[in-house]
Amino acid sequence: MSKKIKNLCFTFALAAAVGISATVSACTVQSKHPNAKISVSFNSKIYEIEYTLYRNMYPQTVQHFIELADAGFYNDVIIHNYSSADWITGAYSYDSSDTVGYEASYASSGNDSGRMVEYLEDNCKEKAYYELVGEGIKSGAFSASVYSKSIYNTKGEEIVSVDDALPTLIGEFSENGHKIDGDKGLTASYGSLKMMYYEKDTKQNVVVNNSFNQILPRDYRNNCATSLFSMQVANSSKYDANKYCVFGQLKNDGAKTALEDLMDAINDYASLSSTSKFTTTVAAQVDKEDKFAGDGGKEIEESFTLISMPLIIRSVEITKY
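Residues numbered from 1 in each chain as written. Predicted model: local features only at pLDDT ≥ 70, side-chain atom pairs only at ≥ 80, totals over all residues. Heavy atoms only, no water.

Looking only at helices and strands, one finds seven helices and 16 strands in the protein. Within the span of the protein, comprising 321 residues, buried residues form 50% of the whole. Residue pairs in contact within the protein that sit at least 24 positions apart in sequence constitute 75% of those at least 6 positions apart. Here the protein has roughly 14900 Å² of accessible surface; of this, 48% comes from carbon and sulfur atoms. (Helix = DSSP H or I, 4+ residues; strand = E, 2+ residues; numbered from the N terminus. Buried < 20%, exposed > 50% of the residue type's maximum accessible area, 1.4 Å probe, protein only. Contact = heavy atoms within 4.5 Å. Areas by Shrake-Rupley, 256 points an atom, 1.4 Å probe, with all protein chains shown as cover.)

Moving on: unusual backbone geometry. Residue serine 44 is not a glycine yet carries a positive backbone phi of 75°. Notably, asparagine 213 is not glycine yet its phi reads approximately 60°, a positive angle. Its place among the elements puts asparagine 213 in the loop between β10 (205–209) and β11 (215–219). Under the relative-accessibility criterion, asparagine 213 is labelled exposed at 59%.

Considering all chains together, one arrives at 15 aromatic pairs under this definition. Where tyrosine 82 meets tryptophan 87, the ring centres are 6.1 Å apart and the plane angle is 35°; that geometry is what we call tilted. Comparing tyrosine 82 with tryptophan 87 shows no difference in burial state: the two are buried. For the pair phenylalanine 173 and tyrosine 197, a centre-to-centre distance of 6.0 Å together with 10° between the ring planes defines the contact as stacked. Here phenylalanine 173, found in the loop between β8 (165–166) and β9 (193–195), pairs with tyrosine 197, found in the loop between β9 and β10; they are 24 residues apart in sequence, far enough to count as distant. What makes tyrosine 197 buried here is its relative accessible area of 6%. (Phe/Tyr/Trp six-rings, centres within 6.5 Å; stacked < 30°, edge-to-face > 60°.)

Tallied over the full model, the rule gives ten salt bridges. Lysine 243 serves as the salt-bridge partner of glutamate 199, at 3.0 Å between the closest nitrogen and oxygen. Of this pair, glutamate 199 sits in the loop between β9 and β10 while lysine 243 sits in the loop between β12 (229–232) and β13 (246–250); the two residues are 44 residues apart in sequence, bridging distant segments of the chain. Judged by its relative accessible area of 44%, glutamate 199 falls in the partly exposed class. Put simply, lysine 200 and aspartate 290 hold a salt bridge, and the shortest N to O gap is 3.9 Å. Of this pair, lysine 200 sits in the loop between β9 and β10 while aspartate 290 sits in the loop between β14 (279–285) and β15 (301–307), placing them 90 residues apart in sequence. With relative accessibility at 4%, the residue lysine 200 sits in the buried group. Here the salt bridges do not stand alone but share partners, grouping Lys37, Glu48 and Glu317 into one network. (Salt bridge = Lys/Arg side-chain N within 4 Å of Asp/Glu carboxyl O.)

Glancing now at helix α5 (residues 126–139). Between its terminal C-alpha atoms α5 stretches 20 Å, which fits the 20 Å expected from 14 residues at 1.5 Å a residue. Glu126, Ala128, Tyr129, Tyr130, Leu132, Val133, Gly136 and Ile137 are the residues of α5 that are buried. (Expected span 1.5 Å × (residues − 1).)

By size, the foremost hydrophobic cluster in this structure holds 92 residues, and its most contacted members are Phe65 and Leu311. In terms of residues, this core owes the most to one element, helix α6 (residues 253–271), which gives six residues. Apart from residues lying up to four places away in sequence, phenylalanine 65 is in contact with Ala36, Leu53, Tyr74, Leu193, Met195, Phe229, Phe247, Val316 and Ile318. (Core = buried A, V, L, I, M, F, W, Y, C linked by side-chain atoms within 4.5 Å.)

Once that is clear, we can look at the sheet that holds β8. The sheet built from four strands is open, its strands ordered β8-β5-β10-β11 with antiparallel pairing. A single partner strand is all that each edge strand has here, and the edge strands are β8 and β11. Two strands pair when backbone bridges link them, and β10 and β11 are joined in this way by five bridges, in the antiparallel orientation. Counterpart to valine 206 in the pairing with β11 is arginine 218. (Pairing = 2+ DSSP bridges.)

As for its placement among the helices and strands, isoleucine 66 is situated in helix α2 (residues 59–70). For the pair formed by isoleucine 66 and phenylalanine 142, sequence separation is 76 residues and the distance between their alpha carbons is 9.9 Å. With residues near it in sequence (within four places) discarded, isoleucine 66 still touches Pro34, Leu53, Arg55, Ile318 and Tyr321.

Should the pLDDT be low somewhere, the predicted coordinates at that spot are not to be read in detail. Summing up the model confidence of the protein, the mean pLDDT is 86 and the portion of residues at 70 or higher is 83%. Here residues 1–26 is modelled with pLDDT under 50, and outside its nearest four sequence neighbours on either side it reaches 25 contacts, counting other chains as well. (pLDDT = per-residue confidence, 0-100.)

This is the structure in structure tokens:
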């Protein structure tokens with residue numbers, strides 16, 4: 001099966017999954033603190049890490065994450081930025097339907113940054129994301145929070161229309177004016193889950209509909225998150241809570257132990273490999289499908305560090321809504 005056909009089938013499958021998840025979500029009682037289980041595969045072993053999500057503080061970020069998880073979007077994505085502080089994932093897939101071929105391809109990229117860039121380009125999920133969420137917003141399966149413009153109804157009230165909704169996510173953090181009623185909010189600490197985005201050099205303005213149902217003008221660069229999220233694996237991070245929404249934390253000591261076990265396994269694997277063969281650092285373009293790519297998006301190039309043995313998010317399961 002050609003790569004293009006496989007990508008098309010993948011998009012259709014996700015669209016079908018969204019329809020199912022929308023039906024399920026409509027019948028689900030929403031709690032202040034949903035739970036999520038992230039299953040990470042490394043060196044043929046699965047590590048199940050559980051998180052508490054904070055809908056009471058970051059309702060639209062949590063809802064977006066849940067909708068993507070229920071749609072199966074996070075199944076078999078690679079952690080493409082292995083570093084000392086943040087593991088970023090959600091943008092590139094690991095094709096489990098052709099495990100032998102893709103595993104061989106991933107492994108053969110080894111220390112060849114050019115081949116690894118090609119691997120990332122072949123497995124980029126950006127187009128699938130924009131199609132999935134764009135159609136999902138129109139059908140009501142996905143929630144909208146960012147719009148290209150606001151309009152006024154016959155009563156002179158400012159409103160937004162689904163026709164103007166963008167498939168990006170409102171930035172629920174202080175630098176974007178997000179306020180939490182009666183609470184200080186979460187900090188970026190060990191075990192945090194954060195919604196990620198790449199900072200854009202753009203003056204494009206949008207409007208957002210925040211959790212208080214206020215329609216406000218905002219800078220697009222702070223409201224451009226898509227599928228990316230990160231798992232913080234150190235006590236401090238350059239992606240702080242002022243500019244990146246921290247919407248989840250490790251659920252309990254068992255979840256902390258599972259994450260530590262995974263990190264220990266990676267360190268053990270690294271000790272058996274030479275430094276030059278353990279990781280590959282590449283420079284890859286991101287946000288190619290962004291609506292405003294020509295205005296500060298297309299030129300963005302990020303440096304990624306990948307492990308020779310793929311680090312894969314096998315699934316994100318919402319265990320409590």
